[in-house]
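Listed here are the chains, written in short residue letters.
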Amino acid sequence: MTDDVLITVVVPTHNLADYIGKTLDALANQKYRQFEVIVVDDASTDETVAVAERYVKLDSRFRVIALKKHVGVSKARNTGIDAAKGNVLTFVDGDDLVEPEFLQVMAVGMADPQIDMVTVGYRWGFRGAGQLEHEGLVEVPKRQVYDAINTRGNLIGGYVWNKAFRVSILRDKTFGSMKPWI
């Protein structure tokens, strides 16, 4: 049952004023409603923070953390992990679009407390690189997940933006007992 799944969506940004509004619109319009969005701005010099702050005023589930110094996307994501209130976390880049069912699919997969990671298919859209889609949940051995981390073009891949993670696993940083599903 998805009632126990609160999803934190971490959105790292840096100079994405022209894109972030569409990304946040897509998140605001999710069918699954038990989520929070943390925009972590990595010291943008454009209007990215101002655009994101508009969403904070409209929806209490949105927050903005504006970093004073440019530290890079990894540290921005880690800032979001540290600030997460949810028990499940996903990343959406500040120039990405997600389908209205994105968080619902994540919540269904993560509703099982035995599952530590869910990954979903994706479409590259304007980049023309095709798409990867998959129906249903399939257990994937940990070794296969590790082997696929550095491979582009598969459902697991080295991306974080098509996955949901149990927050406790991310904060643990050992990944010793992770049970992934796609």
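Rules used in this analysis
Residues numbered from 1 in each chain as written. Predicted model: local features only at pLDDT ≥ 70, side-chain atom pairs only at ≥ 80, totals over all residues. Heavy atoms only, no water. Axes fitted to C-alpha atoms, helices over the stretch in contact; angles between N-to-C directions. Helix = DSSP H or I, 4+ residues; strand = E, 2+ residues; numbered from the N terminus. Parallel < 35°, antiparallel > 145°, perpendicular 65-115°, else oblique. Left-handed = near helix turned anticlockwise from the far one by under 90°. Contact = heavy atoms within 4.5 Å. Core = buried A, V, L, I, M, F, W, Y, C linked by side-chain atoms within 4.5 Å. Buried < 20%, exposed > 50% of the residue type's maximum accessible area, 1.4 Å probe, protein only. Phe/Tyr/Trp six-rings, centres within 6.5 Å; stacked < 30°, edge-to-face > 60°. Lys NZ or Arg CZ within 6 Å of the ring centre and 35° of its normal. Salt bridge = Lys/Arg side-chain N within 4 Å of Asp/Glu carboxyl O. Pairing = 2+ DSSP bridges. Right-handed = clockwise from strand over helix to strand, strands pointing away. Arc of directions from axis to C-beta. Polar contact = N/O pair within 3.5 Å; in protein donor to acceptor, adjacent residues only side chain to side chain.

Student: Where do I start with the packing of helix α1 (residues 20-28) against helix α2 (residues 48-58) in this structure?
Tutor: Packed helix pairs are specified by the crossing angle of their axes together with the interaxial distance, meaning the distance between the axes. For the pair α1 and α2, the least separation of the axes is 9 Å and the interaxial angle reads 20 degrees. Between α1 and α2, the interaxial angle falls into the category roughly parallel. Relative to α2, α1 is oriented so that their crossing is right-handed. Of the residues in α2, those touching α1 at Ile20, Gly21, Leu24 and Asp25 are Thr48, Val51, Ala52 and Tyr55.

Student: Just to check I follow, could you spell out the nonpolar core for this structure?
Tutor: Nonpolar side chains tend toward joint burial in soluble globular proteins. Membership of the largest hydrophobic core comes to 29 residues, with the highest contact counts inside it found for Ile7, Val9, Val11, Leu24, Leu27 and Val37. Every element with two or more residues in this core is listed here: β1 (7-13), α1, β2 (35-42), α2, β3 (62-67) and α4 (102-110). With five residues, α4 is the largest single contributor of residues to this core.

Student: Explain the packing of aromatic side chains to me, please; I cannot follow it from the model alone.
Tutor: Centre-to-centre distance and the angle between the planes together describe a pair of aromatic rings. Counted under the stated rule, the structure contains two aromatic pairs. With 5.9 Å between their ring centres and 35 degrees between their planes, Tyr55 and Phe62 make a pair best called tilted. Each member of the pair, Tyr55 as well as Phe62, is classed as buried. The residue whose ring lies beneath Arg77 is Phe91, and the NZ or CZ to ring-centre distance is 5.7 Å.

Student: What's the story with the pattern of salt bridges in this structure? I'm lost.
Tutor: It is possible for side chains of opposite charge to pair when their charged atoms get near one another. In this structure the tally under the stated criterion is four salt bridges. Among the salt bridges present, the one from Asp59 reaches Arg61, with a minimum N-O distance of 2.7 Å. Note on accessibility: Asp59 and Arg61 belong to one class, buried.

Student: How should I be thinking about the pairing of β1 in this particular structure?
Tutor: The side chains of a regular strand alternate between both faces of the sheet. For β1, the tally of buried residues reaches seven of seven residues, placing the bulk of the element in the interior. On β1, burial covers both faces: Ile7, Val9, Val11 and Thr13 on one face and Thr8, Val10 and Pro12 on the other are all buried. Pairing of β1 with β2, which is carried by seven bridges, proceeds in the parallel orientation. Bridged to Thr13 within β2 is Asp41. What joins β1 to β2 is α1, and the crossover it makes is right-handed. When β1 meets strand β4 (residues 88-91), the two strands line up parallel, connected through four bridges. When the bridges of β4 are listed, Thr8 appears paired with Leu89.

Student: Any chance you could explain helix α3 (residues 73-83) here in plain terms?
Tutor: Each turn of an α-helix holds 3.6 residues, which means side chains three or four residues apart point in the same direction. Turning to α3, its buried residues number three or more, namely Ala76, Arg77, Gly80 and Ile81. Buried residues in α3, looked at end-on, bunch into an arc of 145 degrees, giving them a common side. Summarising the geometry of α3, the exposed residues directed more than 90 degrees from the buried face are Lys75 and Asp82. Check the buried side of α3 and you find it contacts β1, β2, β3, β4 and α6 (167-172).

Student: Explain the side chain of Glu36 to me, please; I cannot follow it from the model alone.
Tutor: Topologically, Glu36 is positioned in strand β2. Taking the relative accessible area as the measure of exposure, Glu36 reaches 7% and is therefore buried. A polar contact of 2.6 Å, which involves the side chain of Glu36, links it to the side chain of Thr8. The contact partners of Glu36, leaving out residues within four places of it in the chain, are Leu6, Ile7, Thr8, Val9, Arg61, Arg63, Ala83, Ala84, Lys85 and Gly86.

Student: I'm lost on α1 in this one. Help?
Tutor: For α1, every residue scored as buried is listed here: Ile20, Gly21, Thr23, Leu24, Ala26 and Leu27. Looking at the packing, one finds that the buried side of α1 touches β1, β2, α2 and β3.

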